[in-house]
Amino acid sequence: MKTRLTLGAVALTALIAAGCGSSSNNSSSHSSSAAASASSSGSGSGKSCKATIAIEGPFTGPVAQVGLEQLHFAQLAVANYNQANGTNVTLAQDDTQLTPSLATQKTQSIIASNAVAAVGPAGSQEVEAVGPLFGRAGIAFISGSATLPALTTDGHNPTFLRVVPNDDIQGPQDANYVVNHLHPKAVLIIDDDEAYSQGLVKTMIPIFQKAGVKVNHQTINGTDTGATLASAINSLVTSQLTPDETVTMLPWQAAANAQQFGLEVQKQGKKTILFGTDGTNSPSQFKIVGSYVSNFGPDISQSSNPLDKQIVSGVAKYGPYGSFGVPTYAAAEVEMQAISAVCKSGQTPSRSNVLAQIRKTNISPSQNPLGVTIAFKSNGDIVGQPGYLFKIESGGKYVAIPNH
Amino acid sequence: MHEFIQTIINGLETGFLYALIALGYSMVYGVLKLLNFAHGDVYMVGAYIGYYVLQAFGGPTALSIPVPLLVFLMFVAAALGCGLLGVGIERFAYRPLRDAPRIAPLITALGVSFILENSVLLLFGGFTKSYSTNSFINVDTGGINIGSINIDPVQITIFVGSILMMYGLMQIVDRTTLGKSMRAVASDREAAEMLGINVDRIISYTFFIGSAMAGVAGVMSGLAFNQISATVGFLAGLKAFTAAVVGGIGSIPGAMIGGLFIGLCEAFAATYVSTKFSDLIVFGILIVVMLARPTGLFAQPALQKV
């Protein structure tokens, strides 16, 4: 009996810990959200306009800082819209840890739920895995960070949309900035063996080669952690970073890894300018002075625009501000507006009518934090949006570089 | 030459950490014949304990006590915390299954690993936490300089601390009553019990010591590599387990040599072949060693009861 009780206690603790660990503590599970959305009604806007949207992101694991930023901005977008428009939209959370296998499981549970649309997932490799599933279910999903160009051109993800420019914009912009402003003889490029990273590298290398810059392309396993990751980083700094390579491109998804790389460079007494892409854009994690970080969204923390101010102060209720989450606010806003429009037309929000409404999106620059018109091309890409670039100054402050 | 020496230093840094974790695997296997897959997560918990001790004394940029005292307290707190955690895991998860088929405690160990990882996520969140060691220890120019190569104070602490702990453990096992009891339990648990040895207590001590060493390794890892997260234990545990098997699981010198061997192989593979293939090479070596010496490099020949 005693043994059984002990085993029972261990099993119960396991269930509680596993369940709680899979999402943030303020999550609304699918079961509760499904119940909330079961009574969807289409009689105009207001409290009767009920629906559920889901968000997929890495809320735990090595890149949790990215996912949590996205989650917090999505929570704020939903809360703001519900409050301002009297809608009753619930946000269900699905932690994917940036892994395609987990994203697939979570997508299947979203499909089985009453969610009418989804925000995310964060990573391009996840979109590759879940795009066909969402497509078959007719669910629109809008990512605020998946930038691999093929996602909107290979035809596998018919219901995928994104509010960020793809790597064909970010990668060349970054490479051109390096060539024109930093003038290296050689660059070290390290990809993290993921679709996101390799996609960016593919767009950068031809630009460097065309400019006569020697390219040393290496790969690191982005899923390694702790001592194993450190061993790989230490070895790369030891063996690959030569005095010629005055710039090191880090198109990585984990800002903490870029920080680790920078610290190791300093420790081994070497010199190089680090250049991270959007995945490393995290002022709380990557703060090597003199480094550059690009992003697909603006930093609105210093903006005087009333909407931006409201968002920056509002997100503090959920977690620390970070510019990585700004596009996800826009993604959630697009879905909220679509649901509201469906309700106003007298229909009950469904996957098909919300998807159709999302495709008609046209939000003016002054009404969204991206500061550009949000509208979608037929393939799901956003219509024209620039990339952004920051330099890390003393104190780890991200200073925007205009018109780069 | 510079690259070669730097690679050795890199390899020793991770190798000593693998060795400290591998010791716990080896000790527990020696006494219980149990593969304690939760051990890597105990190491992760140690890293978190060290982090919160650091925060309790003002954080990396505003320390309220001298650095040597802080580091000592981090080690002591992690050793005690992880030691007690190890004892608790043994008492509540493994002891009830001691006479169950082998597969039961093995699966339980995996379950405990997930419980620890998810509990840490739940309690401390998913954000990677940083020790920011360079804010309170001069890792760039402090320590020992050999030509252009710098062995920083954290690396020195890892090298010296690990050697001292391993030496201390060997003294305990070889020269104390506790060590003799451990060896007796490892050799034949029932016979040891009949001779008046409190087997439960000896097993608890074994878990305490092994887990305490993993806790210290966790703090060393945080100091050396800065970032910690709830997921750092799994891979480190897997590598340490490989080290223990290569060295000869159950053998203390084997775990030490195995850890250093794996650390150096990983570093040399990453430096001279590719970081992409370092795991392939490390686990390839494991297979080759197993094929050549199925009991590992330093395992004692098993006595055959007749």
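One can find the structure itself at the top, above this paragraph.
Here the structure is a predicted model, which means the values were calculated and not measured.

Chemist: Now, about the overall build of chain B: what can you tell me, with residues and values included?
Modeler: Secondary structure summary: chain B contains 11 helices and four strands in total. Here the C-alpha radius of gyration of chain B, 19 Å, is about what a compact globule of 306 residues would show, namely 19 Å. Residue pairs at least 24 apart in sequence account for 74% of intrachain contacts in chain B once pairs closer than 6 positions are excluded.

Chemist: Let's hear about the interface of chain A and chain B: which residues, and what values?
Modeler: Between chain A and chain B, the residue contacts involve 43 residues of the former and 45 residues of the latter. Contributions of two or more residues to the side of chain A that touches chain B are made by helix H1 (2-21), helix H3 (64-85), strand E7 (214-219), helix H8 (226-240) and helix H9 (255-267) of chain A. A total of 11 residues in the side of chain A that touches chain B trace back to one element, the largest contributor, which is H8 of chain A. Grouping the constituent residues of the side of chain A that touches chain B by class yields 17 nonpolar, 23 polar and three charged.

Chemist: An account of the sheet that holds E7 of chain A is needed here, citing residue identities and associated values.
Modeler: Residue and element names in this part refer to chain A. An order of E7-E6-E8-E9-E10-E11-E12 is seen for the seven strands of this open sheet, with the pairing classed as mixed. A single partner strand is all that each edge strand has here, and the edge strands are E7 and strand E12 (397-400). Sheet twist, expressed as the mean angle between neighbouring strand axes with direction ignored, is 25°. Summarising the sheet, strand E10 (residues 292-295) and strand E11 (residues 388-393) pair through four bridges and their orientation is antiparallel. What sits directly across from Ser294, in E11, is Leu389.

Chemist: An account of the nonpolar core is requested, with residue identities and associated values reported.
Modeler: Across soluble globular proteins, you tend to see nonpolar side chains buried next to one another. Residues Ala118 of chain A together with Leu20, Ile21 and Val216 of chain B are the most contacted members of the largest nonpolar core, which totals 211 residues. Once residues within four sequence positions are removed from consideration, Val216 of chain B is found in contact with Leu20, Gly46, Phe75, Ala78, Ala79 and Met165 of chain B.

Chemist: Explain the pairing of strand E1 (residues 50-57) of chain A to me, and be specific about the residues and the numbers.
Modeler: Residues and elements named next belong to chain A. The buried fraction of E1 is high, at eight of eight residues. Side chains of E1 alternate between two faces, with Lys50, Thr52, Ala54 and Glu56 and Ala51, Ile53, Ile55 and Gly57 buried alike. Where E1 meets strand E2 (residues 88-95), eight bridges bridge the pair, whose relative direction is parallel. Among the inter-strand pairings, Lys50 is bridged to a residue of E2, identified as Asn88. Two strands pair when backbone bridges link them, and E1 and strand E3 (residues 117-119) are joined in this way by three bridges, in the parallel orientation. Pairing of Ala54 across the sheet is with Ala118, part of E3.

Chemist: Please provide a residue-by-residue account of the packing of helix H4 (residues 100-112) of chain A against helix H5 (residues 124-137) of chain A, values included.
Modeler: Residue and element names in this part refer to chain A. Orientation of H4 relative to H5, taken along the N-to-C sense of each, is 20°, at an axis distance of 8 Å. As far as their axial angle goes, H5 and H4 are roughly parallel. Handedness of the H4/H5 crossing: right-handed. In this structure, H4 uses Pro100, Ala103, Thr104, Thr107, Gln108 and Ile111 to contact H5, whose residues at the interface are Gln125, Glu126, Glu128, Ala129, Val130, Leu133, Phe134 and Ala137. Split into classes, the residues belonging to the contact of H4 with H5 amount to eight nonpolar, four polar and two charged.

Scoring rules and cut-offs
- Residues numbered from 1 in each chain as written.
- Chains lettered and ligands numbered in written order.
- Predicted model: local features only at pLDDT ≥ 70, side-chain atom pairs only at ≥ 80, totals over all residues.
- Helix = DSSP H or I, 4+ residues; strand = E, 2+ residues; numbered from the N terminus.
- Rg over C-alpha atoms; globule rule 2.2 N^0.38 Å.
- Contact = placed C-beta atoms within 7 Å.
- Nonpolar A, V, L, I, M, F, W, Y, C, P; charged D, E, K, R; others polar.
- Pairing = 2+ DSSP bridges.
- Axes fitted to C-alpha atoms, helices over the stretch in contact; angles between N-to-C directions.
- Core = buried A, V, L, I, M, F, W, Y, C linked by C-beta atoms within 7 Å.
- Buried ≥ 20, exposed ≤ 12 C-beta atoms within 10 Å, placed from the backbone.
- Parallel < 35°, antiparallel > 145°, perpendicular 65-115°, else oblique.
- Left-handed = near helix turned anticlockwise from the far one by under 90°.

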